[in-house]
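# Descriptive analysis of the structure
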Amino acid sequence: MRIDLNADLGESAERWASGEDMALLKVVTSANVCCGAYAGDDELISATCEACVERGVAIGAQVGYPDREGFGREPMEMAPEALHDEVAGQIAHLRDLAKAVDGRVTYVKPHGALYNTIVRDEVQAGAVVEAVRGAGLPLVGLPGAASLRLARAAGIPVVLEGFADRGYTDEGTLIPRKEPGALIEEPSDAAVQAVRLLHDGVESICVHSDSPGALDIVRAVRVALEYAGAEVRHP
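Computed from a prediction, not measured in an experiment: that's the story for all the values here. All residue numbers here refer to positions counted from 1 along the written sequence of the relevant chain. The model is predicted, so local features are restricted to residues of pLDDT at least 70 and side-chain atom pairs to those at 80 or more, both for listing and for counting; the totals for chains, interfaces and linings are taken over all residues. Water and hydrogen atoms were dropped before computing side-chain values, which therefore reflect all heavy atoms in the structure.

### Comments concerning the pairing of strand 1 (residues 2-9)
Stated formally: A 1.4 Å probe rolled over the protein chains alone gives each residue an accessible area, and that area as a share of the maximum for its type sets the label: buried under 20%, exposed over 50%, partly exposed in between. Numbering of helices and strands starts at the N terminus; helices are DSSP runs of H or I of at least 4 residues and strands are runs of E of at least 2. By this definition, two strands are paired if DSSP reports at least two bridges between them.
Where burial is concerned, most of strand 1 is hidden: seven out of the eight residues are buried. Strand direction decides the pairing type here: strand 1 and strand 8 (residues 231-232), joined by two bridges, are parallel. Bridge assignment links I3 to a residue of strand 8, and that residue is V232. Judged from the four bridges that link them, strand 1 and strand 7 (residues 204-207) form a sheet pairing that is parallel. What sits directly across from A7, in strand 7, is V207. Bridging between strand 1 and strand 2 (residues 30-34) involves four bridges; their strand directions are parallel. Following the sheet pairing, L9 is matched in strand 2 by V33.

So, in structure tokens, the structure goes:
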């Protein structure tokens, strides 16, 4: 068994200055690097990409709604053309910053509300898929999502993702963050969920870098995955 372990990075200057993000990069195998639309800036993004290159961590483009006030976690109504151009522009921007430090972007993962919206919204999912198709990169998403179905139909490689630190509904979607049970904060509980997701067939497991105790969670998850017999590495 092989599994990727990812975290969202390049979002917070405070976490970068504290050394938290660098510590996470010693554990994860892929970094979903913010492209600057909902958080981060070019200096932080470039430093994150450079650290990924130094540590052999894969760089992914974490694209999201242009919503810095809401951290990209509030749904937005966007015309398909505008959303396509926004996502395509974010991918291109990260590619430029990564290239400048001898890195390369290897996949795309939507962030926050955009990620959840395109689970069901066919129109926004189509816009995102077209932008990803133009970039020639794989798309990461929730199993059963409209975005992944459309991506497969367009010949785009997809990566099935699970979340160690998030609660799930009975339908297999994520519990909204404002509802009880949305977050898993105990490292041992997150580790158990990660192993279950591994056996369910996901290909990449995420731990959010802004989750309480994220470093302890990601360490526990990696140990549990390896104990379960998985090779933890980027595809």
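### What about the pairing of strand 7?
Definition in use: The crossover handedness rule: strands pointing away from the viewer, path from first strand over the helix to second strand clockwise, crossover right-handed.
Neither face of strand 7 is left uncovered, since the one carrying S204 and C206 and the one carrying I205 and V207 both have all their residues buried. Handedness of the β-α-β unit built from strand 6 (residues 158-163), helix 8 (residues 187-200) and strand 7 comes out right-handed.

### Let's talk about the packing of helix 6 (residues 122-135) against helix 7 (residues 146-153)
Applicable threshold: Lines fitted to C-alpha atoms define the axes here, with helix axes fitted over just the stretch in contact, and angles between the N-to-C directions of these axes take values from 0 to 180 degrees. With respect to orientation, any angle under 35 degrees is reported as roughly parallel, any angle over 145 as roughly antiparallel, any angle of 65 to 115 as roughly perpendicular, and every other angle as oblique. Here a crossing is called left-handed whenever its near helix is offset anticlockwise from the far helix by less than a right angle, and right-handed whenever the offset is clockwise. Should any heavy atoms of two residues lie within 4.5 Å, those residues are considered in contact.
Packing of helix 6 against helix 7 brings their axes to within 9 Å, and their N-to-C directions diverge by 45°. What the angle tells us is that helix 6 and helix 7 run oblique. Where helix 6 crosses over helix 7, the handedness of that crossing is right-handed. In this structure, helix 6 contributes E122, A125, G126 and V129 to the contact, and helix 7 contributes A146, S147, R149, L150 and A151.

### Considering the nonpolar core
Condition: Take the buried residues of types Ala, Val, Leu, Ile, Met, Phe, Trp, Tyr and Cys, join any two whose side-chain atoms come within 4.5 Å, and each joined set is a nonpolar core.
Counting 72 residues, the largest nonpolar core has L94, I205, V221 and L225 as the members making the most contacts within it. Counting residues per element, this core draws most heavily on helix 6, which supplies seven residues.

### Some words on helix 7
Inspection of helix 7 places A146, S147, L148 and A151 among the buried residues, and these make up the whole buried set. Buried residues belonging to helix 7 abut helix 6, strand 5 (139-141) and strand 6. A positive backbone phi angle near 80° is found at G155, which sits one or two residues after helix 7.

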